[in-house]
Amino acid sequence: MTPDTVAPPVPPVAVLGVGAAAPSLRLAAAEAGAAWGSGGGPGALAVCDADEDTLTLAWQAATSALEAAGVDAASVGGLWWGTSRPPMAEGPSHVFLCSALGLGAGVAGCLASGSPHAGMDALVAAWDAVVARPGTVALVVASDALVPGPGTAGETAIGAGAAAVVVASEGARDPAAATNGSSPGARLVARATRARPALDRYRADGAATTEDVYDARLFREEVFLPLLGAAGAAAAEGAPVQSWSLSDPDGKLAGALGKRLGAPVSSAPVTRALGDTGAAAPLLGLVHACAGEAGAGTTGRLGMVGYGGGRATAVVLEAQRPVPGARRAEALGPARPATYVQALRARGALVAAGESIPMGVPPGGAAFVRGNAEMLGLTGARCAACGTISTPPSIHPACVGCGSSDLGEVRLARRGTVQTFVVNQTMPPPFQAPLPLLVLDLDDGARLMVQGTPADAAVLAIGDTVTLSLRRYALERGVPVYGYKAFRAAAAPGPAAPGPAGTTKEGAT
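Here the structure is a predicted model, which means the values were calculated and not measured.

Topic: the packing of aromatic side chains
And step 1. Scanning the entire structure with this criterion turns up 5 aromatic pairs.
And step 2. Aromatic pair F219 and F224: ring centres 5.8 Å apart, planes at 55°, arrangement tilted.
And step 3. Here the aromatic rings of F219 and Y307 are separated by 5.9 Å at their centres, their planes lie at 55°, and the arrangement is tilted. Here the residue F219 occupies a position in helix α5 (residues 216-236), and Y307 occupies one in strand β10 (residues 300-308), the gap between them amounting to 88 residues.
And step 4. For Y307, a relative accessible area of 5% translates into the label buried.
And step 5. In this structure, R191 is placed above the aromatic ring of W127, and the distance from its NZ or CZ to the ring centre is 5.0 Å.

Here we look at the nonpolar core
And step 1. Among the nonpolar cores identified, the biggest contains 58 residues, and L139, V166, L440 and L468 are the most heavily contacted of them.
And step 2. Sort the elements by how many residues they give to this core and helix α2 (residues 54-69) lands first, with 9 residues.
And step 3. Excluding its chain neighbours within four sequence positions, the residues that come into contact with L468 are W59, L378, A413, R414, L440, L442, L448, V450, Y484, K485 and A486.
And step 4. In terms of nonpolar packing, the next biggest core, distinct from the first, is built from 39 residues, V15, V130, V167 and A186 among them.

Focus: the pairing of strand β18 (residues 447-451)
And step 1. When strand β17 (residues 435-442) meets β18, the two strands line up antiparallel, connected through 5 bridges. Among the inter-strand pairings, D441 is bridged to a residue of β18, identified as R447.
And step 2. Hairpin connection between β17 and β18: a loop of 4 residues separates the two successive antiparallel strands, and G445 in this loop has a positive phi of roughly 100°.

What to know about the pattern of salt bridges
And step 1. One pass over the structure, following the stated rule, counts 13 salt bridges.
And step 2. One salt bridge connects D128 with R191, and the closest N-O pair in it is separated by 2.8 Å. Of this pair, D128 sits in helix α4 (residues 118-132) while R191 sits in strand β8 (residues 186-195), and the two are 63 residues apart along the sequence.
And step 3. A relative accessible area of 35% means that D128 is categorised as partly exposed.

Parameters at a glance
Residues numbered from 1 in each chain as written. Predicted model: local features only at pLDDT ≥ 70, side-chain atom pairs only at ≥ 80, totals over all residues. Heavy atoms only, no water. Phe/Tyr/Trp six-rings, centres within 6.5 Å; stacked < 30°, edge-to-face > 60°. Helix = DSSP H or I, 4+ residues; strand = E, 2+ residues; numbered from the N terminus. Buried < 20%, exposed > 50% of the residue type's maximum accessible area, 1.4 Å probe, protein only. Lys NZ or Arg CZ within 6 Å of the ring centre and 35° of its normal. Core = buried A, V, L, I, M, F, W, Y, C linked by side-chain atoms within 4.5 Å. Contact = heavy atoms within 4.5 Å. Pairing = 2+ DSSP bridges. Salt bridge = Lys/Arg side-chain N within 4 Å of Asp/Glu carboxyl O.

This is the structure we're talking about:
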């Protein structure tokens, strides 16, 4: 689309709920700049740890959005996912995320990629799908974890994060509302796209890192400000917008654009906390704006503009009451400070010498073909005769409790209690020590053995309550392998009783 082309208006769609996620590491922008003798500003940059990536962030944000919307995964008609860095450049990235979320095998949607504009591409595509097929519930996810080159300007600006929104036809019933039959209190009402064939930040085919823009001043004055300004003005259609959530590749451009658009920049606090989150940036800022001051919730007209690859898309949201999930999304979970060296290692820019331990089973082999769905979806087999849940289903054709073969697949609970554990203090790459291995009793009665996280190793105890989250276990032959890890949610009630042999923290043998 050329800058002079104007798309016809589209009908509004309802917003049922939103969610957000951020990775666990935080690098001070000033520390990244100091490593190369330059400044870095006062903010922080969110960095994915070794077991996090754009898919695990997308899963977390999408899970939160579905819960906030009161929508069961089985009701979702399509998943539209935008990210500049899918876990596989070519492969089943979209299917992996669908399986992890419990979406049906026939679910519609697509994976948008190629630039940080991918998040807006996913939103617009889902919007069109919902309008074309009334009654469809669409899940939109934007997640990103751009990797800047060492010493580039991007190292002091680029972060990671994810946002998700559940949309449906205008006039759809709000599943999360207390009053039956009430309509959702928020909707997407207007949008506009503008484009210019100018080279901005890019990543060459096969390259690991994203390059800076060639001429920052030229990019600012002749591409970014006029293009995003035109898209924002067109979407606003002359009606006042209270605030704008804006793409901000260097931490400064959004402020200048906000002045041009004549409204505050609601995404500024998110950029200071996480850095430029690429494809997720406009949606994350909008979620923050929907939460309002002190989490009270915002009503009115809120705008966002996403940019990447020479394209800018602006969208306006109109809220009559607080958007479900926005307040919860403000709490993105605990974060751990990271040094510049730790950030380089987590991003793969520093790799330990020596051999890593291969899994021995290729990700395309029979074990993964048969078991991947249950690994990603975290499923078990419930016995119709005695109710026992056997895990994993693929290796238990009969009930482990009574031997019956009358089994039905179920999704396991994501919360449980630690029954026993061991902490391995020495682990070969790609695993990180200290690594807890836990045996859990889940809230639905299933027993499961999973990995924990090094951050919990020193405080983990029998009886602790843990939650399960999707994480990347390994990168095998260039293919990500996913599973669930246990994260400590609450300490065991009262003094911990002595456990049986093997429950204390021990070194690996």
